[in-house]
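Okay, here's what each chain looks like letter by letter:
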Amino acid sequence: MLSAMLVFSQLLNGLQYGVLLFLLAAGLTLVFGIMSFVNLAHGALYMMGAYFAALTFKHTESLTLAFAAAVFGSILLGIVLERLAVSKLYSRDHLDHVLVTFGLVLFFNEVVQILWGTQPYFLPVPGWLDSTISIFGVTYPAYRFAIIVVGLLVAVGAHALIHRTRLGMLIRAGSVNPRMVGALGVNIKFLNALLFALGAGLAGLAGVMASPILAIQSGMGDHVLITTLVVIVIGGIGSVSGAFYAALIVGVVDTLGRAFLPLIFRGFMERDLANAAGPAVASMLIYVLMAVVLAMRPHGLFAPNRG
Amino acid sequence: MTNTFKLNFNRLLPFIIFAGLVVVPFWGYATDSSFYVAFFARVMIYAIAAVALNLALGYGGLISLGHALFMGLGAYSVAIPAFYGIDNGWLQLLICISSCAVIGYITGAISLRTTGIGFIMITLAFAQMGYFLFVSLKVYGGDDGTSIANTSQMLGLNLGDIYTVYVVAFLVLILSVWWMARLRASPFGMVIRGARQNARRVNAIGFPARRYLIGAYVLSAVLCGIAGFLLANLNAFASPSLMSWIISGDLVVMLVLGGMGSVLGPLYGAFAFLGLEEILKMITTHWLALFGLAIVFIGLMGKKGIVGFMDDLTSWCRPGAGKNGTASATEKEAS
């Protein structure tokens, strides 16, 4: 009975982690899949979002302002980056994208250290969410539950935007044939800038949502960026709904693996070996998953149809 | 007169670099400062790794963001035997070459089922697996890494000695540059360079492109492993951070910086990258910010790295031959 509850609460943890990954992956897949721009700096935008929130909170003590600062700050930063650097690279090789955005990662990681020091910042949980909720007999922090809700709202919003609006239609068309869309009189430059800003805003949102449960520090985006790339590749590049399912799969697999693999290994291995192998395999699990998925279906699980 | 001089300078530069590298250890020995000997040994080792990556990426067009895996494997092929008191360099080298070849073959064969961004990501995934594997191997120091008490003994020499590893790295570098120059023009090189541009046509001519690319990937992995092997001896230290994606990124940046697909590009790239790093470190502790910006600017300027820049310089110096110069530069890329 206890173990069933443990599994359930770990499932919720996995769901919450997955939703957080989705917030990042949704933004990245717009840029990565639709504009075909390899943006390694997406994690840096996530980090900057968290810093904007932390600094705003420090000076105003208002969490509402902090959240707004994270989202709008990163949108603004996204626009500046797009105009100064990214827009000049669309027509170039992927390698140039990697080079420039890799440089940006190094730059931003160091700049936050110069401006705000190496000490980590923290953001408190909003007062009205600082409680626990009981679901099927499992008590669960309300804030983590709120993350799940926000993620689901973004998922619904993104789906509606892409499949129900004119802008979404242009985005879909632009992903298939940007030149043709441009020839039909759509300002493709503006569309790209808008998409990049939207992606940056989602990264900022993910940053601030993660802030109350993680330490805000230089380099916080690097690790999660790689996991996000894994999500996108598993989901199928350019598919927002694919990113959603893949994020949930990765979140749950990673969390359950870390929680239970060492226990499972102990069932049929010597204790010492299991203690060593369990965490090792657990931390490799999502990469194994990605390698298997790519080996089976090179375009990802939910790749968009592009005739 | 000046034009021929510039033209020759372009060809002379590698000889100047190699001559300079010959002088370094004597100068270091005379002034009793091993810092620069160690620094240039490190530059040469990274240059070897960049040369290795150039085979896969520059010639074969395989954008691998996971070559750090092989650096790490090479380093641990010294560290793990040394941990058990085995300091036979030949045995360690054998472990290095065979593990890199086997892992390179397996990962290469799986990775090559995909192309484009999929390939970038799957190579990254394999490197991350290696990274997390060694992080969790607490016996060998986990994420702190492990220091190597018994560095490799080969031919009665101790590779842990800074001058010895310098000389070995120098020889390996020259050999690998020479080998790559030969390979580039060989049928094998032609096939993989052709496969980068149009794999279907290469197949149609009768060369199984994928098999050749796997071959290139394995050779590249082994050479990269040897760089890791030398680095472990130089530092007397191996750590999983050698396998982190940042190192893979560094290697790619070196290569793009120097000029992909050219014989000397990786060499220039490693020198420019590590040299810039060292100079900026002297200026400020926050050198990474400047370094990052420098990479962004270089990336935005595009072109074909330092090699492309030097080609432009050469053609620019030849009066009235600007157009021909650029044409020859592109021709070089295509031929």
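All figures in this text were calculated on a predicted structure; none of them were measured in a lab.

Notes on the overall build of chain A
Line of reasoning, step 1. Within chain A, the secondary structure is distributed over 11 helices and 2 strands.
Line of reasoning, step 2. A compact globule built from 307 residues would reach a C-alpha radius of gyration of about 19 Å, and chain A, at 20 Å, matches this within 12%.
Line of reasoning, step 3. With the C-alpha coordinates of chain A rotated into their principal frame, the extents come out at 65 × 50 × 35 Å.
Line of reasoning, step 4. The long-range share in chain A, meaning contacts at least 24 apart out of those at least 6 apart in sequence, stands at 79%.
Line of reasoning, step 5. By element, 67% of the accessible surface of chain A is carried by carbon and sulfur atoms, the whole surface being about 13300 Å².
Line of reasoning, step 6. For chain A, the separation between the mean place of its 15 positive charges and that of its 10 negative charges on side chains is 15 Å.

Some words on the overall build of chain B
Line of reasoning, step 1. Summing up its helical and strand segments, chain B has 13 helices and 4 strands in all.
Line of reasoning, step 2. Its C-alpha radius of gyration of 20 Å places chain B within 12% of the 20 Å reference for a compact globule of 335 residues.
Line of reasoning, step 3. When the backbone C-alpha atoms are referred to their principal axes, chain B occupies close to 65 × 55 × 40 Å.
Line of reasoning, step 4. Here chain B holds 335 residues, and 55% of them are scored as buried.
Line of reasoning, step 5. Put simply, of all contacts in chain B between residues at least 6 apart along the chain, 78% involve residues at least 24 apart.
Line of reasoning, step 6. Across chain B, the centroid of the 19 positively charged side chains sits 18 Å from that of the 12 negatively charged ones.

Concerning the environment of Ser244 of chain B
Residues and elements named next belong to chain B.
Line of reasoning, step 1. The residue Ser244 is located in the loop between β4 (237-238) and α9 (245-258) in this model.
Line of reasoning, step 2. Each C-alpha atom, one on Ser244 and one on Gly130, is 8.8 Å from the other, the two residues being 114 residues apart in sequence.
Line of reasoning, step 3. Dropping the residues within four chain positions of it, Ser244 is found in contact with Ala68 and Tyr131.
Line of reasoning, step 4. A distance of 3.1 Å separates a polar side-chain atom of Ser244 from the backbone oxygen of Ser241.

Considerations on helix α7 (residues 187-205) of chain B
Residues and elements named next belong to chain B.
Line of reasoning, step 1. End to end, α7 covers just 13 Å across 19 residues, shorter than the expected 27 Å (1.5 Å per residue, more than 12% under).
Line of reasoning, step 2. At Asn198, α7 shows its maximal bend, which comes to roughly 130 degrees.
Line of reasoning, step 3. Taken together, the buried positions of α7 are Gly189, Val191, Ile192, Arg193, Ala195 and Val202.

Section: the side chain of Ser211 of chain A
Line of reasoning, step 1. Within the secondary structure, Ser211 of chain A is located in the loop between α8 (188-210) and α9 (220-235).
Line of reasoning, step 2. Not counting chain neighbours up to four residues away, the residues in contact with Ser211 of chain A comprise Ala50, Leu123 and Ile216 of chain A.

A word on the interface of chain B and chain A
Line of reasoning, step 1. Across the boundary between the two partners, chain B contributes 38 residues, which contact 41 residues of chain A.
Line of reasoning, step 2. With both sides pooled, the region where chain B packs onto chain A buries about 3600 Å², and carbon together with sulfur makes up 83% of that total.
Line of reasoning, step 3. Interface area lost by chain B to chain A is led by Ile117, Trp245 and Leu300 of chain B, which between them contribute 18%.
Line of reasoning, step 4. Run the count over chain B and chain A and you get 0 salt bridges.
Line of reasoning, step 5. If you look at where chain B meets chain A, you find 4 residue pairs in polar contact (both at pLDDT 80 or more).
Line of reasoning, step 6. Elements with a contribution of two residues or more to the side of chain B that touches chain A: α5 (117-136), α9 and α11 (287-301) of chain B.

Some remarks on the confidence of the model for chain B
Atomic detail in the predicted coordinates should be set aside for any region of low pLDDT.
Residues and elements named next belong to chain B.
Line of reasoning, step 1. When pLDDT is averaged along chain B, the result is 82, and 91% of the positions lie at 70 or above.
Line of reasoning, step 2. Mean pLDDT values over the elements of chain B span from 42, in helix α13 (residues 322-334), up to 91, in helix α8 (residues 209-235).
Line of reasoning, step 3. Confidence over residues 321-335 falls short of pLDDT 50; this stretch has 16 contacts with residues more than four positions distant or in other chains.
Line of reasoning, step 4. Predicted complex metrics record ipTM = 0.80 and pTM = 0.83.

Considerations on the nonpolar core
Line of reasoning, step 1. Of all hydrophobic cores here, the largest spans 217 residues; its most connected members are Phe108 of chain A together with Tyr46 and Met71 of chain B.
Line of reasoning, step 2. Residue contacts for Tyr46 of chain B: discarding those within four places in its chain leaves Met71, Leu231, Leu242, Ile247, Leu251, Met254, Ala270 and Leu274 of chain B.
Line of reasoning, step 3. Core analysis: the next-biggest nonpolar cluster, separate from the first, contains 5 residues, Leu261, Ala274, Ala277 and Ala282 of chain A among them.

Remarks on α9 of chain B
All names here are of chain B.
Line of reasoning, step 1. Here α9 is 14 residues long and its end C-alpha atoms lie 20 Å apart, about the 20 Å a rise of 1.5 Å per residue gives.
Line of reasoning, step 2. Of all 14 residues that make up α9, 13 are buried, and the element is covered over most of its length.
Line of reasoning, step 3. Of the residues one or two after α9, Gly259 is the one with positive phi, at around 125 degrees.

What to know about the packing of aromatic side chains
Line of reasoning, step 1. Throughout the structure, instances matching the rule amount to 24 aromatic pairs over all chains.
Line of reasoning, step 2. Where Tyr287 of chain A meets Phe132 of chain B, the ring centres are 5.8 Å apart and the plane angle is 25 degrees; that geometry is what we call stacked. Here Tyr287 of chain A is found in helix α11 (residues 271-296), whereas its partner Phe132 of chain B is found in helix α5 on a different chain.
Line of reasoning, step 3. Residue classification places Phe132 of chain B among the buried residues on the basis of a relative accessible area of 10%.
Line of reasoning, step 4. On the basis of an interplanar angle of 85 degrees and a centroid distance of 5.3 Å, the ring pair of Phe83 of chain B and Tyr140 of chain B is categorised as edge-to-face. A residue pair is termed long-range when its members are at least 10 positions apart, and Phe83 of chain B in helix α3 (residues 68-83) and Tyr140 of chain B in the loop between α5 and β1 (146-147) qualify at 57 residues.
Line of reasoning, step 5. Given the relative accessible area of 14%, Tyr140 of chain B is considered buried.
Line of reasoning, step 6. Here the aromatic residues Phe22, Phe244 and Tyr245 of chain A are joined through ring pairs into a cluster of three or more.

Brief notes about a nonpolar patch on the surface
Residue and element names in this part refer to chain B.
Line of reasoning, step 1. The grouping of Val22, Val23, Phe26, Trp27, Phe35, Tyr36, Ile279, Met282, Ile283 and Leu290 at the surface amounts to a nonpolar patch, some 1100 Å² of accessible area in total.
Line of reasoning, step 2. Contributing elements (two or more residues each) for the nonpolar patch: α1 (2-31), α2 (35-59) and α10 (265-283).
Line of reasoning, step 3. Of note, Val23 is situated in helix α1.
Line of reasoning, step 4. Of the residues examined, Val23 reaches a relative accessible area of 48% and is grouped as partly exposed.

Procedures and definitions
- Residues numbered from 1 in each chain as written.
- Chains lettered and ligands numbered in written order.
- Predicted model: local features only at pLDDT ≥ 70, side-chain atom pairs only at ≥ 80, totals over all residues.
- Heavy atoms only, no water.
- Helix = DSSP H or I, 4+ residues; strand = E, 2+ residues; numbered from the N terminus.
- Rg over C-alpha atoms; globule rule 2.2 N^0.38 Å.
- Contact = heavy atoms within 4.5 Å.
- Areas by Shrake-Rupley, 256 points an atom, 1.4 Å probe, with all protein chains shown as cover.
- Lys, Arg positive; Asp, Glu negative; His and termini not counted.
- Charge placed at Lys NZ, Arg CZ, Asp CG, Glu CD.
- Buried < 20%, exposed > 50% of the residue type's maximum accessible area, 1.4 Å probe, protein only.
- Polar contact = N/O pair within 3.5 Å; in protein donor to acceptor, adjacent residues only side chain to side chain.
- Expected span 1.5 Å × (residues − 1).
- Bend = angle between axes of the 7 residues up to and from the residue.
- Buried area = accessible area lost by both parts, 1.4 Å probe.
- Salt bridge = Lys/Arg side-chain N within 4 Å of Asp/Glu carboxyl O.
- pLDDT = per-residue confidence, 0-100.
- Core = buried A, V, L, I, M, F, W, Y, C linked by side-chain atoms within 4.5 Å.
- Phe/Tyr/Trp six-rings, centres within 6.5 Å; stacked < 30°, edge-to-face > 60°.
- Patch = residues over 30% accessible without salt bridge, like charges linked within 9 Å, V, L, I, M, F, W, Y side chains within 5 Å.

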